[in-house]
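Below are the chains, spelled out letter by letter.
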Amino acid sequence: VADIALPYVRGLEAAGVGATVKHFPGLGRVRSDTHHFNANLGTPIDELEATDWLPFKAVLTGSHARLMLGHVTLTAIDPDRPASHSKRVVDDIIRGKWNYQGVIITDDLVMGAIYQHDVCTAVVEALNAGVDLLLVAYDGIQFYRVFACASAGYDQGKLDPAMLQQSDLRLKAAV
């Protein structure tokens, strides 16, 4: 996959088009559709590092690609929340262990794996984990709900100012 994806992304970049690698941590081993349901990935992390995550790492280190996080729960790392808003996944693995400092975006927050739960909690957790962009793909009304969740989280002091500042720097560097 990396042998095809990396040259493709580099070709896009050469033409002035930004690329986004998705959906980390991968959906190939998941049986549930996160558009409608929760999905758990119970594969051991060392196995994922040695196989499934190689293309993600290769493209992210060899390009300026962004990373989209799926709503799959990595049960070995954070059994309580999907990767899309897990500080253990984003800050510890992607930003920490992999040292990826590019832009990270969630998958659509209007998917069942998120929307069936507390969307505002997911928004605050994602931003505090080091996610830079929150995606609302097709429902304009829900954009305002997600925006209100982020705004209320900020007003209530629930958002980490240091994480927001780092995100701001990443977004400015990506422009």
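Residues numbered from 1 in each chain as written. Predicted model: local features only at pLDDT ≥ 70, side-chain atom pairs only at ≥ 80, totals over all residues. Heavy atoms only, no water.

1. Some points on the overall build of the protein chain
Counting its secondary structure elements, the protein chain contains eight helices and six strands. In sequence order, the protein chain lays out its α and β elements as α-β-β-α-α-β-β-α-β-α-α-β-α-α. A globule of 175 residues ought to have a C-alpha radius of gyration of about 16 Å, and the protein chain, at 16 Å, matches this closely. Taken over the C-alpha atoms alone, the protein chain extends approximately 45 × 35 × 30 Å along its principal axes. Looking at the protein chain as a whole, 45% of its 175 residues are labelled buried. Across the protein chain, contacts joining residues at least 24 apart in sequence account for 74% of those joining residues at least 6 apart. A distance of 3 Å separates the average location of the 15 positive side-chain charges in the protein chain from that of its 20 negative side-chain charges. (Helix = DSSP H or I, 4+ residues; strand = E, 2+ residues; numbered from the N terminus. Rg over C-alpha atoms; globule rule 2.2 N^0.38 Å. Buried < 20%, exposed > 50% of the residue type's maximum accessible area, 1.4 Å probe, protein only. Contact = heavy atoms within 4.5 Å. Lys, Arg positive; Asp, Glu negative; His and termini not counted. Charge placed at Lys NZ, Arg CZ, Asp CG, Glu CD.)

2. With respect to the packing of aromatic side chains
Using the criterion set out here, one finds six aromatic pairs in the structure. An aromatic cluster of at least three residues, connected via ring pairs, comprises Phe-24, Trp-53, Phe-56 and Trp-98. (Phe/Tyr/Trp six-rings, centres within 6.5 Å; stacked < 30°, edge-to-face > 60°.)

3. Quick notes on the pairing of strand S5 (residues 104-108)
Of all five residues making up S5, five are buried, and the element is well covered by its neighbours. Note that S5 and strand S6 (residues 133-135) share two bridges and pair parallel. Bridging across to S6, Ile-105 finds its partner in Leu-133. (Pairing = 2+ DSSP bridges.)

4. Some remarks on the confidence of the model for the protein chain
Model confidence for the protein chain is summarised by a mean pLDDT of 93, while 98% of its residues fall at 70 or above. Summarising per-element confidence for the protein chain, the mean pLDDT is lowest in helix H5 (residues 112-115) (75) and highest in strand S3 (residues 66-69) (98). (pLDDT = per-residue confidence, 0-100.)

5. A closer look at the state of the cysteines
Counted under the stated rule, the structure contains one disulfide. Across a sulfur-sulfur distance of 2.0 Å, Cys-120 and Cys-149 are joined as a disulfide pair. Judged by the sign of its S-S torsion, about -60°, the bond between Cys-120 and Cys-149 is left-handed. Here Cys-120, found in helix H6 (residues 119-129), pairs with Cys-149, found in helix H7 (residues 140-155); they are 29 residues apart in sequence, far enough to count as distant. (Disulfide = S-S within 2.5 Å.)

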